[in-house]
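Breakdown of the fold
Listed below are the residues making up each chain.
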Amino acid sequence: PGARSLCSGGRCVAAAKLYRGGMCIQEGVLPEHKLSYNLNVAFFVCSILSIIGFLVRPEGGIAGIFGVIASSIMVCCTNQAGMPDLHSKLMANIVLIIISCVIYFIMIIVMLAWFFSVVAAVDQYCRDHPDEDCDSVRNLWLGAFSIVIWPTVIFNLISIAIGAPAAYYAQKARKATVSVASTQPVTQVVEATVIEAHPVQAQGQ
């Protein structure tokens, strides 16, 4: 309601800025930071979906919790240039995304191992029971497991494909932020020295 009231008397621009402020990425951030921010938004969506599937695969829910925390740090706490402890918040984002992606990767390995163990068990059953209709048995068991396993594997791969570059560009942004912060004290000292030197020059004249 407050923003709508601003949209009267030619103040729509102020209302737009009010809506856009909040958690949206602001001007002045590094390109790597902005790219990581956008990837974190997508990773946040994947993490929410992982938490929804907590009852199916608890490991995915744990990975989703780490992903939500990581993305929330990026979205709400690093959306402006020059924020306090920006490099520390980016580091926290990187670590949590890496933990989440490692869990996703372990889930992929476990589920693939589970699937191929089922394939081996079905093949062994067919060898032990040559009179059985192996095609029906194979289609029944492998079809049922495929419905559960392959969508999860593909989803985890997509999450890793989003999370890995998000952490990579966040690390590049963190390094750039640290390097910029380290040069600021030197610049301030030089400027202070120049300011102090002017009165001396004026007295000499």
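Only a predicted model underlies this, so the values are computations on that prediction, with no experimental measurement involved. Each chain has its residues counted from 1, running along the sequence as written. Totals for whole chains, interfaces and linings use all residues, but because this is a predicted model, local features are given only for residues with pLDDT of at least 70 and pairs of side-chain atoms are given and counted only at 80 or more. Only hydrogens and water are set aside when side-chain values are computed; all heavy atoms of the structure are taken into account.

**Brief notes about the overall build of the protein chain**
Strands are runs of DSSP state E lasting at least two residues, helices are runs of H or I lasting at least four, and both sets are numbered from the N terminus onward. For the protein chain, the helix and strand inventory stands at six helices and zero strands. Helices (α) and strands (β) of the protein chain occur, in sequence order from the N terminus, as α-α-α-α-α-α. By residue count, 31% of the 205 residues in the protein chain fall in the buried class. Contacts between residues were defined by any pair of non-hydrogen atoms, one from each residue, lying within 4.5 Å. A sequence separation of at least 24 residues applies to 72% of the contacts in the protein chain between residues at least 6 apart. Exposure was quantified through the Shrake-Rupley algorithm and a 1.4 Å probe, taking into account, for residues, occlusion by the shown protein chains and nothing else. For the protein chain, the exposed surface amounts to about 12,600 Å²; the carbon and sulfur share of it is 69%. The rule is simple: take the accessible area with a 1.4 Å probe, protein chains only, and divide by the maximum for that residue type; under 20% is buried, over 50% is exposed, in between is partly exposed.

**Comments concerning the side chain of Ser-47**
With respect to the secondary-structure elements, Ser-47 resides in helix α3 (residues 31-52). Accessibility expressed as a relative area gives 0% for Ser-47, which makes it buried.

**Things to note about the confidence of the model for the protein chain**
Overall, the prediction assigns the protein chain a mean pLDDT of 76, with 70% of residues at 70 or greater. Confidence per residue, as judged by the predictor, is encoded in pLDDT with a range of 0 to 100. For the stretch residues 1-22, pLDDT sits under 50, and the model shows 14 contacts to residues farther than four places along the chain or on other chains. Here residues 184-205 is modelled with pLDDT under 50, and outside its nearest four sequence neighbours on either side it reaches zero contacts, counting other chains as well.

**Structural notes on the packing of aromatic side chains**
Remark: the centre distance and the inter-plane angle together describe each pair of aromatic rings, the angle taken between the planes. The rule is short: rings of Phe, Tyr and Trp, with Trp giving its six-membered ring, pair when the centres are within 6.5 Å, and they are stacked under 30 degrees, edge-to-face over 60, tilted in between. Evaluated as defined, the whole model comprises four aromatic pairs. Plain terms: the ring middles of Phe-115 and Phe-116 are 5.6 Å apart, the flat faces sit at 75° to each other, and that makes the pair edge-to-face. On the accessibility criterion, Phe-115 (8% relative accessible area) is buried. Ring pairing ties together the aromatic residues Phe-115, Phe-116 and Trp-150, which thus form one cluster.

**A word on the nonpolar core**
Nonpolar cores were defined as sets of buried Ala, Val, Leu, Ile, Met, Phe, Trp, Tyr and Cys residues, with membership established by side-chain atoms within 4.5 Å. Membership of the largest hydrophobic core comes to 36 residues, with the highest contact counts inside it found for Phe-43, Ile-97, Val-122 and Ile-149. Of all elements in the fold, only α3, α4 (58-77), α5 (86-128) and α6 (134-204) reach the threshold of two or more residues within this core. Discounting residues that sit within four places of it in the chain, Val-122 has contacts with Val-137, Arg-138, Trp-141 and Leu-142.

**Here's the deal with a negative patch on the surface**
Patch membership requires more than 30% relative accessible area and the absence of a salt bridge. Residues of like charge join within 9 Å; the nonpolar side chains Val, Leu, Ile, Met, Phe, Trp and Tyr join within 5 Å. We count a salt bridge whenever a side-chain nitrogen from Lys or Arg sits within 4 Å of a carboxyl oxygen from Asp or Glu. Charge counting follows a simple rule: Lys and Arg are positive, Asp and Glu are negative, and His as well as the terminal groups are ignored. In this description, the location of a charge corresponds to atom NZ of lysine, CZ of arginine, CG of aspartate or CD of glutamate. A cluster of like negative charges, contributed by Asp-131, Glu-132, Asp-133 and Asp-135, occupies part of the molecular surface. A relative accessible area of 45% means that Asp-133 is categorised as partly exposed.

**Concerning the side chain of Ser-100**
The topology assignment puts Ser-100 in helix α5. Once residues lying within four places of it in the same chain are set aside, the contact partners of Ser-100 are Phe-43, Ala-63, Phe-66 and Gly-67.

**Points about a nonpolar patch on the surface**
Taken together, the side chains of Phe-44, Val-45, Ile-48, Leu-49, Ile-51, Ile-52, Phe-54, Leu-55, Ile-62, Ile-65 and Ile-69 present a nonpolar region at the surface, about 990 Å² in accessible area. When residues of the nonpolar patch are traced back to their parent elements, those giving at least two are α3 and α4. Ranked by residue count, the leading element in the nonpolar patch is α3, at six residues. Position of Ile-48 relative to the elements: it lies in helix α3.

**Here we look at α3**
Helix span is expected to be 1.5 Å times the residue number reduced by one. Counted at 1.5 Å a residue, the expected span for α3 with its 22 residues is 32 Å, and the 32 Å between its end C-alpha atoms agrees. Taken together, the buried positions of α3 are His-33, Ser-36, Tyr-37, Asn-40, Phe-43, Cys-46, Ser-47 and Ser-50.

**Digging into the state of the cysteines**
Note that a disulfide, as used here, is simply two cysteine sulfur atoms within 2.5 Å. Counted under the stated rule, the structure contains zero disulfides. Not part of a disulfide, Cys-46 finds its nearest cysteine sulfur in Cys-101, a span of 9.8 Å. Since its relative accessible area comes to 8%, Cys-46 is described here as buried.

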